[in-house]
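Fold and contact review
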Amino acid sequence: AQSVAQPEDQVNVAEGNPLTVKCTYSVSGNPYLFWYVQYPNRGLQFLLKYITGDNLVKGSYGFEAEFNKSQTSFHLKKPSALVSDSALYFCAVRDIRNSGYALNFGKGTSLLVTP
Amino acid sequence: SAVISQKPSRDICQRGTSLTIQCQVDSQVTMMFWYRQQPGQSLTLIATANQGSEATYESGFVIDKFPISRPNLTFSTLTVSNMSPEDSSIYLCSTVEGLGTEAFFGQGTRLTVV
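To keep things clear, this report deals only with the structure shown in the data block. (Residues numbered from 1 in each chain as written. Chains lettered and ligands numbered in written order. Predicted model: local features only at pLDDT ≥ 70, side-chain atom pairs only at ≥ 80, totals over all residues. Heavy atoms only, no water.)

What follows is about the nonpolar core. Ranked by size, the top nonpolar core spans 27 residues in total, and within it A:Leu33, A:Trp35, A:Leu47, A:Leu48, A:Phe74, A:Leu76 and A:Tyr89 carry the most contacts. Every element with two or more residues in this core is listed here: strand 2 (10–14), strand 3 (19–21), strand 5 (33–38), strand 6 (44–50), strand 8 (64–68), strand 9 (73–78), strand 10 (87–94) and strand 12 (109–114) of chain A. For this core, the element with the highest residue contribution is strand 10 of chain A, accounting for four residues. Among all residues touching A:Leu33, those that are not within four sequence positions of it are A:Val4, A:Tyr25, A:Leu48, A:Lys49, A:Tyr50, A:Phe67, A:Phe74, A:Ala92 and A:Val93. Formed by 26 residues, the second largest nonpolar core is a distinct cluster that contains B:Leu19, B:Phe66, B:Phe104 and B:Val113. (Core = buried A, V, L, I, M, F, W, Y, C linked by side-chain atoms within 4.5 Å. Buried < 20%, exposed > 50% of the residue type's maximum accessible area, 1.4 Å probe, protein only. Helix = DSSP H or I, 4+ residues; strand = E, 2+ residues; numbered from the N terminus. Contact = heavy atoms within 4.5 Å.)

Put into structure tokens, the structure is as follows:
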């Protein structure tokens with residue numbers, strides 16, 4: 001089964017410092033990987049995706065992620081964190097069963113950026 | 001990108017009653033998905049709703065509990081039937097565009113069953 005794991009329940013970062021939110025994947029075949037962010041009382045917002053091509057993917061709000069096949073990782077990064085980045089972050093992988101278009105999500109990582 | 005309007009945004013319901021959640025997409029889409037996010041948990045796929053056919057349910061979810069309608073290519077409903085406090089969750093609808101390389105989500109319905 002296609003799955004992702006987020007090993008950290010919470011990540012704390014000081015504003016202005018770089019941040020990393022970790023994600024590892026377990027898939028058969030080529031992975032379609034995604035990062036979403038969820039702000040309180042809001043739906044999920046798309047940040048970025050890796051389908052193929054460059055291993056470094058740039059997304060919304062200054063976020064980027066690096067696809068590492070040898071380490072089966074897809075960590076989310078940002079060079080300089082903002083307090084407004086505080087939210088719940090989900091890594092997801094496309095599920096190849098059935099229609100092949102649903103997503104399997106990690107458990108989520110809560111990011112807290114302190115002033 | 002698809003814009004999804006979902007309603008209600010939240011509701012508090014009595015146990016034993018049912019709630020129907022509506023999801024409207026601003027464009028025609030083939031597939032729509034319903035997810036559940038239990039408190040402090042990740043998203044779990046409930047079912048895939050295709051227009052003109054019965055929904056496909058994931059393991060642990062049944063049609064009698066979560067009946068789904070998909071009357072056209074822009075609309076779907078999910079009903080949570082005979083609710084219990086364990087059904088208290090956020091329910092989200094979703095769709096994909098193109099080759100499924102990006103998924104879009106509604107704002108979610110925060111359901112509390114008392």
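Let's shift gears to the state of the cysteines. Scanning all chains against the criterion turns up two disulfides over all chains. Disulfide pairing places A:Cys23 opposite A:Cys91 at an S-S distance of 2.0 Å. With the S-S bond torsion at -60 degrees, the cross-link from A:Cys23 to A:Cys91 turns out left-handed. Within this pair, whereas A:Cys23 is found in the loop between strand 3 and strand 4 (24–26), its partner A:Cys91 is found in strand 10, the two being separated by 68 residues in sequence. A:Cys91 carries the same exposure label as A:Cys23, and that label is buried. Between the sulfur of B:Cys23 and that of B:Cys93 lies a disulfide, 1.8 Å long from S to S. Looking down the S-S bond of the B:Cys23 and B:Cys93 bridge, the torsion is 70 degrees, so its handedness is right-handed. (Disulfide = S-S within 2.5 Å.)

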